[in-house]
Amino acid sequence: MEIQPIGSFVYVEIEKEEENTHVLDDGKVLYLDTSYDRYVNARQYGTVKYISKSIRKRVDDGYSLKKGDKVYFHHFCIDEKMASEFGGENIYKVNYEQIYCFVRDGKITMTMDYVLVEPVQLEDKIGRIYIESKESVKRGKVKHTNQFSKDDGFKNGDEILFIKNANYDMIIEGERLFRMRNSEILAKTEGIE
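Residues numbered from 1 in each chain as written. Predicted model: local features only at pLDDT ≥ 70, side-chain atom pairs only at ≥ 80, totals over all residues. Heavy atoms only, no water.

## Some points on the overall build of the protein
Secondary structure assignment for the protein yields 1 helix and 16 strands. For the protein, the proportion of its 193 residues judged to be buried stands at 37%. Intrachain contacts of the protein at a sequence separation of at least 6 include 66% that bridge at least 24 residues. Accessible area for the protein stands at about 11,700 Å²; split by element, carbon and sulfur atoms hold 46% of it. (Helix = DSSP H or I, 4+ residues; strand = E, 2+ residues; numbered from the N terminus. Buried < 20%, exposed > 50% of the residue type's maximum accessible area, 1.4 Å probe, protein only. Contact = heavy atoms within 4.5 Å. Areas by Shrake-Rupley, 256 points an atom, 1.4 Å probe, with all protein chains shown as cover.)

Take a look at the structure:
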């Protein structure tokens, strides 16, 4: 049976829905109970299996996904499991707007106006106790830009300030990064300590 999806969707194969194991240094495996809040540990990447012909994008990034690309996406996508008629038990429907980047030939490429930022911890200290800062602006260092970033005034390696709620935390290729949009970056700065 041949399948040709329609709409603005990409169908992705995900090995498992949740990151529910942790391997200790001695090789022992801990199993996590993810039933309490499954989105905290949701698997946010998979391999492209099918692509709709006529994807409509919020921002035209000029890229086309290919079957076999590794994509990173929003954690809610684990709720979009499709029937086995889509060619496998672990096929999930992902709206293109929820795909933040793809990896092809070892290179990370950002989609639309998404950016990945390395967080710089902002903490307040009371005596010897550190607490999360209550400031409404956060800091980071740009790690991966999109094709519009240069026109918006920043590039990879720039130190930036971004709005408080832009710090959508993800693990991308083994590195903890924040996913945000160009519009959530407020300014470039120097001398982040």
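## A look at the sheet that holds strand β4 (residues 45–51)
Strand pairing in a sheet is mediated by backbone hydrogen bonds. Such pairs are either parallel or antiparallel. Strand order across the open sheet formed by 6 strands is β6-β1-β4-β5-β7-β8, with antiparallel pairing between neighbours. In this open sheet, the two edge strands, each paired with only one partner strand, are β6 (91–95) and β8 (107–110). Taken over all neighbouring pairs, the strand axes of this sheet differ in orientation by 40° on average, direction set aside. (Pairing = 2+ DSSP bridges. Axes fitted to C-alpha atoms, helices over the stretch in contact; angles between N-to-C directions.)

## Focus: a nonpolar patch on the surface
On the surface, V23, V29 and Y31 cluster together into a nonpolar patch covering about 330 Å² of accessible area. Relative to the helices and strands, V29 resides in strand β3 (residues 29–31). A relative accessible area of 36% places V29 in the partly exposed class. (Patch = residues over 30% accessible without salt bridge, like charges linked within 9 Å, V, L, I, M, F, W, Y side chains within 5 Å. Salt bridge = Lys/Arg side-chain N within 4 Å of Asp/Glu carboxyl O.)

## Observations regarding the nonpolar core
Counting 26 residues, the largest nonpolar core has L65, V71, F73, I99 and I172 as its most contacted members. When residues of this core are traced back to their parent elements, those giving at least two are β1 (9–13), β5 (70–73), β6, β7 (99–104), β8, β9 (114–120) and β14 (168–172). Among the elements that take part in this core, β7 stands out by supplying 5 residues, more than any other. Residues V142, F154, I160 and F178 belong to the second largest nonpolar core, which totals 10 residues. (Core = buried A, V, L, I, M, F, W, Y, C linked by side-chain atoms within 4.5 Å.)

## What to know about the packing of aromatic side chains
Inspection of the entire model under this criterion finds 6 aromatic pairs. Here Y100 and Y114 contribute two aromatic rings whose centre-to-centre distance is 4.8 Å and whose plane-to-plane angle is 75°, an arrangement assigned as edge-to-face. Here Y100, found in strand β7, pairs with Y114, found in strand β9; they are 14 residues apart in sequence, far enough to count as distant. A relative accessible area of 2% places Y114 in the buried class. What links up through ring pairs into an aromatic cluster is the set Y100, Y114 and Y168. (Phe/Tyr/Trp six-rings, centres within 6.5 Å; stacked < 30°, edge-to-face > 60°.)

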